[in-house]
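Single-letter residue listing:
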Amino acid sequence: MKKVVIIGGGILGASTAYHLAKSSAEVIMIDRKDSGKATEAAAGIICPWLSQRRNQKWYQLAKGGAGIYPELIESLKKDSENDTGYDRVGALSIHTSTEKLEAMEKRALKRRIDAPEIGDITLLDHGQAKELFPLLNDDYQAVHVSGAARVDGRKLCKALINGAKKHGATILQGDASIIQHGNTITGVQVAGEKITADTFIATNGVWMPELLKPIGINMEVTSQKAQLMHVQLPHINSSHWPVIMPPTNQYMLTLADNRIVLGATHEDNAGFDTRVTAGGVHEILSKALDITPALSQSTLLETRVGFRPFTPGFLPVFGPIPGYKGLIVGNGLGASGLTMGPYIGKQLANIALNQSTDINLEDYSVSQALK
């Protein structure tokens, strides 16, 4: 039985642990429980098919991530993990321009050929859009994508970790440091205890440079701060409403407990500042109220803060570290972590088990992020 140690318990580490444990590997996952973990703060939209990004390498990961979800959720249900935070509620991509919406519809129809999980694609006028999302400003029309989904990062991560434990994984809390002998990784030190394994996988996001620097690896990972708000309207059942994708870089989605999530900021030079700021709240509310003025009467429940990890070129990297034996890493998922995380986690598990991957690893080589 292969023994694998995973450092980092966000969506990427949790999904890697789950896939490995299901494959009967001996899995130990170590997490430091840092404040500002991206997965803990995030609520995501699984709808990559409307993106205008021309980077096909990015799109292949996003499409693969969206495609793996139904199978993953079914697998978790078989493990009696029913509270996954994932629901296929559809999405409304809204705009005031009919021309731009028609171009979006055309793009989605073309992509559906290779991604049938998109489901039905429908152009809606403002009245039809408001039937699905009653708070929507009258100015907006929409393209409706029936196969799109929402996901609560905390719940999904918890379900994956619980599922991994049911398949024999061990979960530890602590600050891990890597032990090396020459260019071979031989173990990790946690709370004075040495843990050995066949393979070590680092998935600890924005804190990875700190982990790898002591063993001579300088990895370029930048942190982008995200603030997002949870609000609620009394006496309104919003749990079934579709995700809202506006023309800005913000989004809006509802959760099963009638919370409405408004997000998120994209703060590139905030460091590791976990504070909720007046500027962040103002930005979120200003954009949200332009789309849904009725939210001015909502109750403010909480504001969450997380740090998205980015690697050079804004493209995730994952695979073995060149020149080192026994060390695999995954990083740089950015704002697409909940979409790509389970898919990349499956690839990391396959690499650790010496199995083939679903994509060309050279496109996401870790060397692109090494100084």
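In case you missed it, the structure is sitting above this.
Residues numbered from 1 in each chain as written. Predicted model: local features only at pLDDT ≥ 70, side-chain atom pairs only at ≥ 80, totals over all residues. Heavy atoms only, no water.

Peer 1: I tried to follow the overall build of the chain on my own but got confused; where do I start?
Peer 2: Looking only at helices and strands, the chain features nine helices and 20 strands. Relative to the globule expectation of 21 Å for 371 residues, the C-alpha radius of gyration of the chain, 21 Å, shows essentially globular dimensions. Taken over 371 residues, the chain has a buried fraction of 56%. Contacts spanning at least 24 positions in sequence make up 75% of the contacts within the chain whose residues lie at least 6 apart. On the chain, roughly 15,700 Å² of surface is accessible, and the fraction owed to carbon and sulfur atoms is 47%. The chain carries 37 positive and 36 negative side-chain charges, and their two centres are separated by 4 Å. (Helix = DSSP H or I, 4+ residues; strand = E, 2+ residues; numbered from the N terminus. Rg over C-alpha atoms; globule rule 2.2 N^0.38 Å. Buried < 20%, exposed > 50% of the residue type's maximum accessible area, 1.4 Å probe, protein only. Contact = heavy atoms within 4.5 Å. Areas by Shrake-Rupley, 256 points an atom, 1.4 Å probe, with all protein chains shown as cover. Lys, Arg positive; Asp, Glu negative; His and termini not counted. Charge placed at Lys NZ, Arg CZ, Asp CG, Glu CD.)

Peer 1: What is the right way to look at the environment of Gly-192 in this model?
Peer 2: Within the secondary structure, Gly-192 is located in the loop between β11 (184–190) and β12 (193–196). A residue is classified by how much of its surface remains accessible, and Gly-192, at 65% relative accessible area, is exposed. Between the C-alpha atoms of Gly-192 and Ala-176, which are 16 residues apart in sequence, the distance is 9.7 Å.

Peer 1: Which parts of the structure should I look at to understand empty space enclosed by the protein?
Peer 2: Where empty space is left becomes clear once a probe the size of a water molecule has been rolled over the atoms. For the structure shown, the criterion picks out two cavities of 30 Å³ or more. Of the volumes computed, that of the largest cavity is approximately 50 Å³. Lining of the largest cavity is provided by Pro-246, Gln-250, Tyr-251, Met-252, Leu-262, Gly-263, Ile-284, Lys-287, Ala-288 and Ile-291. At the level of elements, β16 (251–254), β17 (260–263) and α8 (278–291) are the ones that each hand at least two residues to the lining of the largest cavity. At four residues, α8 tops the list of elements feeding residues into the lining of the largest cavity. Within the lining of the largest cavity, the residues separate by chemical class into seven nonpolar, two polar and one charged. (1 Å grid on protein atoms, 1.4 Å probe; cavity = no way out; pocket = protein on both sides within 12 Å on 5 of 7 lines; lining within 4 Å. Points joined across faces, edges and corners; volume = space filled by probe spheres on them. Nonpolar A, V, L, I, M, F, W, Y, C, P; charged D, E, K, R; others polar.)

Peer 1: Honestly, the sheet that holds strand β20 (residues 327–331) in this entry has me stumped. Any pointers?
Peer 2: Strand-to-strand pairing in sheets goes through backbone hydrogen bonds, with the strands running parallel or antiparallel. Overall, mixed pairing links the six strands, which are arranged β9-β2-β1-β13-β20-β19 in an open sheet. The sheet is open, and its two edges are formed by β9 (170–173) and β19 (317–320), each paired on a single side. On average, adjacent strands in this sheet sit at an angle of 15° to one another, irrespective of strand direction. In terms of strand pairing, strand β13 (residues 199–202) meets β20 through three bridges, oriented parallel. By the bridge assignment, Phe-200 is partnered in β20 with Leu-327. Where helix α9 (residues 337–352) meets the sheet, its contacts fall on β1 (3–7), β13, β19 and β20, and the angle it forms with β19 comes to roughly 10°. (Pairing = 2+ DSSP bridges. Axes fitted to C-alpha atoms, helices over the stretch in contact; angles between N-to-C directions.)

Peer 1: Looking at this model, I keep getting lost on the environment of Lys-155. Mind explaining?
Peer 2: When you line up the elements, Lys-155 lands in helix α6 (residues 153–166). On the basis of relative accessibility, which here comes to 31%, the residue Lys-155 falls in the partly exposed class. The contacts of Lys-155, once residues within four sequence positions are left out, are Asp-83, Thr-84 and Gly-85.

Peer 1: Honestly, the packing of aromatic side chains in this entry has me stumped. Any pointers?
Peer 2: Aromatic ring pairs are reported here in terms of the distance separating the ring centres and the angle at which the planes meet. Applying the stated criterion to the full structure yields six aromatic pairs. In this structure an aromatic cluster arises from ring pairing among Trp-207, Phe-272 and Phe-307. Sitting above the plane of the Tyr-59 ring, Arg-111 keeps its charged end 4.3 Å from the centroid. (Phe/Tyr/Trp six-rings, centres within 6.5 Å; stacked < 30°, edge-to-face > 60°. Lys NZ or Arg CZ within 6 Å of the ring centre and 35° of its normal.)

Peer 1: What am I meant to see in the packing of helix α3 (residues 56–78) against α9 here?
Peer 2: Each packed pair of helices is defined by two parameters, the angle between the axes and the distance between the axes. Contact pair α3 / α9: the axes reach a minimum separation of 7 Å and the direction vectors enclose 80°. One way to sum up the angle between α3 and α9 is to call them roughly perpendicular. Residue-level contacts link Trp-58, Gln-60, Leu-61, Ala-62, Gly-64, Gly-65, Ala-66, Ile-68, Tyr-69 and Leu-72 of α3 to Leu-338, Thr-339, Met-340, Pro-342, Tyr-343, Ile-344 and Lys-346 of α9. Across the contact of α3 with α9, the residue classes break down as twelve nonpolar, four polar and one charged. (Parallel < 35°, antiparallel > 145°, perpendicular 65-115°, else oblique.)

Peer 1: Could you clarify how one ought to interpret the environment of Ile-344 in this entry?
Peer 2: Here Ile-344 shows up in helix α9. Here Ile-344 is in contact with Leu-12, Leu-61, Pro-316, Phe-318 and Leu-333, once residues within four sequence places are set aside.

Peer 1: When you look at helix α1 (residues 11–22) in this model, what are you seeing that I'm missing?
Peer 2: The periodicity of an α-helix, 3.6 residues per turn, causes residues three or four positions apart to be oriented the same way. The terminal C-alpha atoms of α1, which comprises twelve residues, lie 16 Å apart, in line with the 16 Å expected from a rise of 1.5 Å per residue. Along α1, the residues classified as buried are Ile-11, Leu-12, Gly-13, Ala-14, Ser-15, Thr-16, Ala-17, Tyr-18, His-19, Leu-20 and Ala-21. Positioned one or two residues after α1, Ser-24 has a phi angle of 70°, which is positive. (Expected span 1.5 Å × (residues − 1).)

Peer 1: It is not clear to me how the sheet that holds β11 should be interpreted in this structure. Could you clarify?
Peer 2: Spatially, β10-β11-β12 is the arrangement adopted by the three strands of the open sheet, whose pairing is antiparallel. Every other strand in the sheet has two partners, leaving β10 (176–181) and β12 as the edge strands with one partner each. Mean inter-strand twist for the sheet, computed between neighbouring axes without regard to direction, equals 35°. Sheet topology places β11 next to β12; four bridges connect them, and they run antiparallel. Paired with Gly-187 across the strands is Thr-196, a residue of β12.

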